[in-house]
Amino acid sequence: MSTTDQPWGFPNSSSNRTSNPSRNTSSLPKAAVEVVSSAQANFLRDFKRFDTVDDFSDHHYASKGKASKQHSKTWVKKVQADWKILENDLPETISVRACESRIDLMRAVVIGAEGTPYHDGLFFFDIHFPDTYPSVPPMVHYHSGGLRINPNLYNCGKVCLSLLGTWNGNTREQWLPRESTMLQLLVSIQALILNQKPYFNEPVNDMYMWTPSGETHSKFYSENVFVLSLKTMVYNMRNPPKHFEEFVRSHYFERSHDIVKAANAYIDGAPVGSIVKSGVQDIEESRETSSVNFRIEVAVFMKTVVDEFVKLGVKELEDILEPPPPLIHTNSPR
């Protein structure tokens, strides 16, 4: 596909650049390049990964308690310990807001990792510490927008995880009152649920891992997950959770071009999850391509995604809202 054939107007990473061989530029002084950060980049840089807020009136578990409720010393001590761990040790891809007036409530956002069908997405979770915490695990609700993006994340918001007691697991995978922490829980959601091949999160599918049939089903599942992830992006941009409104806007403003470039690559045939910031990973070795239906779905829905990016102020995308149809080979699978 040539540069002019690329949907959304981004050139192929392999495009050749012409140069003037008669001009030796190695001896010329190099001008200093001043990189000016956008207001959104500055906001994200200064955004605290852990902080407290005044209220959580829109919290899923807001009705499960009240500000004046008295809790046991054990409960308060454990929650405060969780706060301290989160304040000091949260990774860059997870942010948390705790409520000062309702310390039984917490909200977290997890950024989808590179190499997964969830890359660049935001995934929000509401957390409640019940009266018997830490003898029992926290309660966690996923902001699904009505979408089932993972075998462990239901469209009703249920989060299925051994650590939460919502799925069977061996003793070491379950909540241990004296050892388990909120940080462990959030990292587990990111690593064990929002992973590279979510199809195999379903126990009945696990036995088919590394088999041709299992890998084929996994590929199609991940393709569907990415489309649902795009829809989740739109849902979050239109309905940002309280205390994360500007975070959502700034995140997608800064990630918009990465998301569009990834969509270009998928429309052009790259498999889901093969796109990282440095380009396409392992595509030549695998020789795997995305399915025809997936390429069409991405091309069609990206117009809605780009519309939302433009509303955020990403002006460079205004002139490329209508993508050309993807180049589809008649012998492509699916």
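Overview of the structure. (Residues numbered from 1 in each chain as written. Predicted model: local features only at pLDDT ≥ 70, side-chain atom pairs only at ≥ 80, totals over all residues. Heavy atoms only, no water.)

## Focus: the overall build of the protein
Thought 1: Helix and strand content of the protein: eight helices and seven strands.
Thought 2: Residues counted as buried form 46% of the 334 residues belonging to the protein.
Thought 3: Summarising the internal contacts of the protein: among those between residues at least 6 apart in sequence, 66% fall at separations of at least 24.
Thought 4: Carbon and sulfur atoms form 50% of the exposed surface of the protein, whose accessible area is close to 17800 Å². (Helix = DSSP H or I, 4+ residues; strand = E, 2+ residues; numbered from the N terminus. Buried < 20%, exposed > 50% of the residue type's maximum accessible area, 1.4 Å probe, protein only. Contact = heavy atoms within 4.5 Å. Areas by Shrake-Rupley, 256 points an atom, 1.4 Å probe, with all protein chains shown as cover.)

## Things to note about the environment of Gln-80
Thought 1: Take Gln-80: it is sitting in helix H2 (residues 73-89).
Thought 2: Counting along the chain gives 23 residues from Gln-80 to Ile-103, while the straight-line C-alpha distance between them is 8.8 Å.

## Quick notes on the sheet that holds strand E1 (residues 50-53)
Thought 1: If you trace the five strands from one edge of the open sheet to the other, you get E1-E2-E3-E4-E5, paired in mixed fashion. Of all the strands in the sheet, the pair left with one neighbour each is E1 and strand E5 (139-142). The mean inter-strand angle of the sheet, taken between neighbouring strand axes irrespective of direction, is 25°.
Thought 2: Pairing of strand E4 (residues 122-128) with E5, which is carried by four bridges, proceeds in the antiparallel orientation. (Pairing = 2+ DSSP bridges. Axes fitted to C-alpha atoms, helices over the stretch in contact; angles between N-to-C directions.)

## Things to note about the pattern of salt bridges
Thought 1: Applying the stated criterion to the full structure yields 13 salt bridges.
Thought 2: Where Asp-82 meets Lys-78, a salt bridge forms, and the shortest distance between an N and an O atom there is 3.8 Å. Placement of the pair is Asp-82 and Lys-78 together in helix H2, with a separation of four residues, close to one helical turn. For the pair Asp-82 and Lys-78, one class covers both residues: buried.
Thought 3: Each of Asp-58, Arg-107 and Asp-126 takes part in a single network of salt bridges with overlapping partners. (Salt bridge = Lys/Arg side-chain N within 4 Å of Asp/Glu carboxyl O.)

## Thoughts on the nonpolar core
Thought 1: The biggest cluster of nonpolar side chains holds 38 residues, and the ones touching the most others in it are Leu-122, Leu-230, Tyr-252, Val-298, Met-302 and Phe-309.
Thought 2: Those elements giving two or more residues to this core turn out to be strand E3 (105-111), E4, helix H5 (212-238), helix H6 (245-267) and helix H8 (292-311).
Thought 3: Here the element with the most residues in this core is H6; it accounts for eleven residues.
Thought 4: Non-local contacts of Phe-309, meaning those with residues more than four positions away in its chain, are made with Met-237, Tyr-252, Ser-256, Ile-259, Val-260, Val-314 and Leu-317.
Thought 5: Listed in part, the 37 residues of the second largest apolar core include Ala-98, Ile-127, Leu-164 and Leu-186. (Core = buried A, V, L, I, M, F, W, Y, C linked by side-chain atoms within 4.5 Å.)

## Some details on the layout of surface pockets
Thought 1: Here the second largest pocket is characterised by a volume of approximately 510 Å³.
Thought 2: Residue assignment for the lining of the second largest pocket shows that the elements contributing at least two residues are helix H3 (182-193) and helix H4 (203-206).
Thought 3: Broken down by element, the residue count for the lining of the second largest pocket peaks at five residues, all from H3. (1 Å grid on protein atoms, 1.4 Å probe; cavity = no way out; pocket = protein on both sides within 12 Å on 5 of 7 lines; lining within 4 Å. Points joined across faces, edges and corners; volume = space filled by probe spheres on them.)

## A closer look at the packing of H5 against H8
Thought 1: Running from amino to carboxyl end, H5 crosses H8 at an angle of 15°, the nearest separation of the two axes being 10 Å. Taken together, H5 and H8 sit at an angle that is classed as roughly parallel. The two elements H5 and H8 cross, and the hand of that crossing is left-handed. For the pair formed by H5 and H8, the contact residues are Glu-223, Phe-226, Val-227, Leu-230, Lys-231, Val-234, Met-237 and Arg-238 on the first element and Phe-294, Glu-297, Val-298, Phe-301, Met-302, Thr-304, Val-305, Glu-308 and Phe-309 on the second.
Thought 2: Residues belonging to the contact of H5 with H8 are distributed by class as follows: eleven nonpolar, one polar and five charged. (Parallel < 35°, antiparallel > 145°, perpendicular 65-115°, else oblique. Left-handed = near helix turned anticlockwise from the far one by under 90°. Nonpolar A, V, L, I, M, F, W, Y, C, P; charged D, E, K, R; others polar.)

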